[in-house]
Amino acid sequence: MTTRLAYHQQLNDALYELCAQTVPLQNTNIKESNEELLSLFSALELCFANGDDYTPIGQQIITRIVSHYPAITPQVHRDLFWFYGGDCLHFLSDDEIQKYQTLEERYYDLSKTDSDACYRNLRAQIFNMH
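Here is a short report on the structure shown in this document. (Residues numbered from 1 in each chain as written. Predicted model: local features only at pLDDT ≥ 70, side-chain atom pairs only at ≥ 80, totals over all residues. Heavy atoms only, no water.)

### Some details on the overall build of the protein chain
Across its full length, the protein chain holds six helices and zero strands. Counted from the first residue to the last, the protein chain has its helices and strands arranged as α-α-α-α-α-α. At 16 Å, the protein chain has a C-alpha radius of gyration in line with the 14 Å of a compact globule built from 130 residues. The principal-axis extent of the C-alpha atoms belonging to the protein chain is close to 50 × 35 × 25 Å. Relative to its 130 residues, the protein chain shows a buried fraction of 40%. In the protein chain, the proportion of contacts linking residues at least 24 apart, taken out of those at least 6 apart, comes to 57%. Accessible area for the protein chain stands at about 7500 Å²; split by element, carbon and sulfur atoms hold 50% of it. Separation of charge centres in the protein chain, based on 9 positive and 18 negative side chains, amounts to 5 Å. (Helix = DSSP H or I, 4+ residues; strand = E, 2+ residues; numbered from the N terminus. Rg over C-alpha atoms; globule rule 2.2 N^0.38 Å. Buried < 20%, exposed > 50% of the residue type's maximum accessible area, 1.4 Å probe, protein only. Contact = heavy atoms within 4.5 Å. Areas by Shrake-Rupley, 256 points an atom, 1.4 Å probe, with all protein chains shown as cover. Lys, Arg positive; Asp, Glu negative; His and termini not counted. Charge placed at Lys NZ, Arg CZ, Asp CG, Glu CD.)

Set out below in structure tokens:
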């Protein structure tokens, strides 16, 4: 079973690992910008751990990657654009947004009757991955 939050935390962790490995090697950005991006990940992790609102920091991370790190952008999982919403939604197609809306509705309905609803499996079904 993978909850919606746990699924997206796993994607965020993978993005952090990617950024931690590649951002310091980016010569196109100043060192402070690189350090700030990585520190945003630490702040985001604290928000997750404390149950605080993680959305604004997540949006900052995604939009900063898109605007400052074009080599990393294609490796950002599309689900994170949806998960953080806001300005991140501008980078999704209408078709993707529709699929994510369907996914959220089905997950919400399923989780009311099945506390073990698996977000990852439901996502695979809606995005025709099975």
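### As for helix α2 (residues 31-50)
Taking 1.5 Å as the rise per residue, α2 with 20 residues should run 28 Å; its terminal C-alpha atoms sit 29 Å apart, in good agreement. Turning to α2, its buried residues number three or more, namely S33, N34, L37, L40, F41, L44, C47 and F48. Angularly, the buried residues of α2 cover 135 degrees about the axis, an arc narrow enough to put them on a single face. In this structure, α2 carries K31, E32, L46, A49 and N50 as exposed residues pointing more than 90 degrees from its buried face. Those residues of α2 hidden inside the fold are in contact with α1 (4-22), α3 (55-68) and α4 (78-84). The first or second residue beyond α2 is G51, which carries a positive phi of 75 degrees. (Expected span 1.5 Å × (residues − 1). Arc of directions from axis to C-beta.)

### Section: the packing of aromatic side chains
Here the structure, examined in full by the defined rule, presents nine aromatic pairs. Ring geometry for W82 versus Y100: centroids 5.4 Å apart, planes at 10 degrees, classification stacked. Taken together, the residues W82 in helix α4 and Y100 in helix α5 (residues 94-113) connect sequence positions 18 residues apart. For the residue pair W82 and Y100, the accessibility class agrees, reading buried in each case. For the ring pair F83 and Y84, a centre distance of 5.1 Å and an interplane angle of 65 degrees mean the geometry is edge-to-face. Pair check on accessibility: F83 and Y84 agree, each one buried. The ring of F81 has R78 lying over it, and the distance from NZ or CZ to the ring centre is 5.1 Å. One Lys or Arg, R123, reaches over the ring of F127 and ends 4.4 Å from the middle of that ring. (Phe/Tyr/Trp six-rings, centres within 6.5 Å; stacked < 30°, edge-to-face > 60°. Lys NZ or Arg CZ within 6 Å of the ring centre and 35° of its normal.)

### Structural notes on the environment of I65
Looking at the element boundaries, I65 is found in helix α3. Judged by its relative accessible area of 0%, I65 is buried. Non-local contacts of I65, meaning those with residues more than four positions away in its chain, are made with L15, C19, L37, P70, I72, T73 and V76.

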